[in-house]
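Architecture at a glance
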Amino acid sequence: MYFLGVPFGFVMRHIYQFIQNYGLSIVLFTLLVKLLMLPLAIKQQKSSAKMAVVQPQVLEIQKKYANNQMKMNEELQALYVREGFNPMGGCLPALIQFPIIMGLYDVIYKPMTHILSMGKDVIAQATQTALSLNLIPERVYSAEPYIISAVQSNPNAFESLGPDVISQIQGLDMNFLGINLGAVPSFAFNLLILIPLASFLSSMLMTVISMRNMPNAGGTGGAGMKATMYMMPLLSGWIAFSVPAGVGMYWTISNLLSIVQVLILNKFYNPKEMAEKARIESEQRRELEREERAKAKELAKQGDAQAKAKAMNQKELNRQKLAEARRRDAEKYGEVYVEVTDKDVE
């Protein structure tokens, strides 16, 4: 993930150099990233709102053509074209956000690399020293937060790094409101436990707010989606116990900013409201179509009646002409007059 973290590390380093506080740097850094990703968030919100609009029609088509996959695909494609909806439109923002998030994690996990700009050789030497002292757990993504915490608590153990490196690490203030953001929280009752709890609660609040504006959240599909979404806060809180507190703080700040973002965007692109509006418009359109069909049927009946009347008038006219001709022939030739029948004028 290093190459993903380089551009974000550049930004984070300059923010830290300006305010000299790691916790505030994470707050400002997260805010900046959220602002940069706002266009993607708006695009994704629009896509979600549009999906809410077409979802009832999608379900109707799927039910109607359940046994004809080809016809179903044709009808769905026609629906998407008619509604101007791209079902893949919401995927691109999510795909773009993934490498951004990975880059952010790399920055937070590696403050010695991205904030202090230390070389790989120095970090490798510090890592070996920390490993020899059993100060780093097995299978960690980055040893740097543990190294920073160890150097700040026991600098003599790392004297092989040289006074300049030790001084630079000691100068990195990773405390925020009395919490060491380089330390890993545990289930012990101390300030560090606030970070996983904050991560869980902020994620849960964001989930509740998001689900509140989701249409059909009470249906069968909505129940499955709800269960999946409610698992995320639990997972977030659990993982926050196994990573440095700075990562959990980033999640918390990101969740809180996302809540504000969702509340604002829902004022303009609320999926639930748009789905309800689409439902009403669909009912009105269907009612109008029913009225037009009834009107067309009535006009067809009137047309048939007029055609029949016209045919009857023509038939009567032909009858009169034929009768008149027979009378003249009867008078002229002394023949017996024969009454005109319907068969004669067919």
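Look up a bit, the structure's there.
It should be emphasised that the depicted structure is a prediction, and the values quoted were computed from it without experimental measurement. (Residues numbered from 1 in each chain as written. Predicted model: local features only at pLDDT ≥ 70, side-chain atom pairs only at ≥ 80, totals over all residues. Heavy atoms only, no water.)

Across its full length, the protein holds 13 helices and two strands. The proportion of buried residues among the 346 residues of the protein is 38%. Contacts spanning at least 24 positions in sequence make up 68% of the contacts within the protein whose residues lie at least 6 apart. Carbon and sulfur atoms make up 61% of the accessible area of the protein, which totals about 21100 Å². (Helix = DSSP H or I, 4+ residues; strand = E, 2+ residues; numbered from the N terminus. Buried < 20%, exposed > 50% of the residue type's maximum accessible area, 1.4 Å probe, protein only. Contact = heavy atoms within 4.5 Å. Areas by Shrake-Rupley, 256 points an atom, 1.4 Å probe, with all protein chains shown as cover.)

According to the stated counting rule, one finds three salt bridges in the structure shown. Two residues, glutamate 75 and lysine 71, come together in a salt bridge whose shortest N-O distance is 3.2 Å. Of this pair, glutamate 75 and lysine 71 are both found in helix H4 (residues 69–83), four residues apart, which corresponds to roughly one turn of the helix. Between aspartate 106 and lysine 110 there is a salt bridge, with its nearest N and O atoms 3.2 Å apart. (Salt bridge = Lys/Arg side-chain N within 4 Å of Asp/Glu carboxyl O.)

Evaluation of the coordinates by the stated rule reveals one aromatic pair. On the numbers, 6.4 Å between centres and 80° between planes, the contact of phenylalanine 8 with phenylalanine 29 is edge-to-face. Taken together, the residues phenylalanine 8 in helix H1 (residues 2–19) and phenylalanine 29 in helix H2 (residues 22–36) connect sequence positions 21 residues apart. Residue phenylalanine 8 shares its accessibility class with phenylalanine 29, and that shared class is buried. (Phe/Tyr/Trp six-rings, centres within 6.5 Å; stacked < 30°, edge-to-face > 60°.)

Next up on the list: the environment of phenylalanine 158. Position of phenylalanine 158 relative to the elements: it lies in the loop between helix H8 (144–153) and helix H9 (163–170). Judged by relative accessible area, which is 0%, phenylalanine 158 ranks as buried. Between the alpha carbons of phenylalanine 158 and threonine 129 there is a distance of 6.8 Å; along the sequence they are 29 residues apart. In this structure, phenylalanine 158 is in contact with Ala126, Thr129, Ala130, Leu135, Ala150, Val151 and Ile166, ignoring residues within four places of it in sequence.

Let's shift gears to a nonpolar patch on the surface. Judged by side-chain polarity, Phe187, Met232, Leu235, Trp238 and Ile239 come together as a nonpolar surface patch covering roughly 560 Å² of accessible area. Following the sequence through the fold, methionine 232 ends up in helix H11 (residues 220–239). Residue methionine 232 is classed as partly exposed on the basis of its relative accessible area, which comes to 47%. (Patch = residues over 30% accessible without salt bridge, like charges linked within 9 Å, V, L, I, M, F, W, Y side chains within 5 Å.)

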